[in-house]
Amino acid sequence: MGKLKFDISVSLDGFVAGPNPRLDEPLGEGGEQLHEWIFGLKEWREAHGLEGGETVSPDSEVIAEGLANIGAYVMGRNMFGGGEGPWDTDEPWQGWWGDDPPFHLPVFVLTHHPREPLELKGGTTFTFITDGPEEALEQARKAAGDHDVKIAGGAEVARRYLRAGLLDEFELHVVPVFLGGGTRLFEGVDAGIELENTRGVRSPTGVVHLRYRTVK
């Protein structure tokens, strides 16, 4: 059985999204800064159907490694998008990524509202799970086989698996910016959770990549 893991960009003051997120600015005010370091990397561009990009840098090596051995994803309703409440049956939300999302694997979406699976181009199928994070992880593990399951976001979903003792490892991409407010990654996490730092990579972009293993 593979690992359950996630990686995420975080500001120096601990935020993964800026204040006042909305449909036309889902990462909140200033939140886009957290991801500027990745937009020029070949691995990210290929997943989003774009050509070119940098291939030899500490950042590209970290991203390539993070994408290796993934067999399925889990994400929260807010990460998939579409607002709160029951799904709109007249114009159902298809996700932030268009007809060809960058996942190319099964994705299990945590939600309180039932919905039929959504099959899109490139091998991405969104399955909507109403029975909680443990059920979503069980189905993701079945789909992934011997490969890893990756949490695609957001922060609350990552915290739930961490608090439940189900998370195996995570990597923080610490970006040298201050957001001053927004969504904190580790808000309310139990101080008794024990971690082991297994890697640290410093990039010329100023981003520092820190990997941690949870001690079970």
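Throughout this description, residue numbers start from 1 for each chain and increase along the sequence as written. Given that this is a predicted model, residues contribute local features only at a pLDDT of at least 70 and side-chain atom pairs are listed and counted only at 80 or more, while totals for whole chains, interfaces and linings are drawn from all residues. Excluding hydrogens and water, the side-chain values take into account all heavy atoms of the structure.

Chemist: For this particular structure, what's the right way to read the overall build of the chain?
Modeler: Numbering of helices and strands runs from the N terminus; a helix is a DSSP stretch of H or I covering at least four residues, while a strand is a stretch of E covering at least two. Summing up its helical and strand segments, the chain has five helices and eleven strands in all. The C-alpha atoms of the chain give 17 Å as radius of gyration, which agrees with the globular expectation for 216 residues (17 Å, within 12%). Expressed along its principal axes, the backbone C-alpha trace of the chain runs to roughly 45 × 40 × 35 Å. For the chain, with 216 residues in total, the buried portion stands at 44%. Two residues form a contact once any of their heavy atoms are found within 4.5 Å. For the chain, contacts bridging at least 24 residues in sequence account for 63% of all contacts bridging at least 6. Accessible area for the chain stands at about 11200 Å²; split by element, carbon and sulfur atoms hold 51% of it. Both definitions apply: the radius of gyration is a C-alpha atom measure, and the globule rule equals 2.2 Å times residues to the power 0.38. Here's how the labels work: a residue is buried when its accessible area is under 20% of the maximum for its type, exposed when over 50%, partly exposed in between, all with a 1.4 Å probe on protein chains only. Where accessible areas are quoted, they stem from the Shrake-Rupley method and a 1.4 Å probe; at the residue level, only the protein chains shown are allowed to cover.

Chemist: What's the story with the sheet that holds strand S11 (residues 208-214) in this structure? I'm lost.
Modeler: The strands making up a sheet are joined through hydrogen bonds of the backbone, oriented either antiparallel or parallel. In this analysis, strands are considered paired if DSSP registers two or more bridges between them. In spatial order, the strands read S5-S6-S4-S3-S7-S1-S8-S11-S10; together these nine strands make up an open sheet with mixed pairing. Both outer strands of the open sheet, strand S5 (118-119) and strand S10 (195-202), are each paired with one neighbouring strand and no more. Bridge count between strand S1 (residues 4-11) and strand S7 (residues 148-153): three bridges; the pairing is parallel. Considered in S7, the bridge of Leu4 is made with Val149. The convention used is that axes are lines fitted to C-alpha atoms, helices contributing only their stretch in contact, and that angles between N-to-C directions extend from 0 to 180 degrees. Against the sheet, helix H2 (residues 58-67) makes contact with S1, strand S3 (70-76), S7, strand S8 (169-175), S10 and S11, and its axis sits at roughly 140° relative to S10, the strand it touches most.

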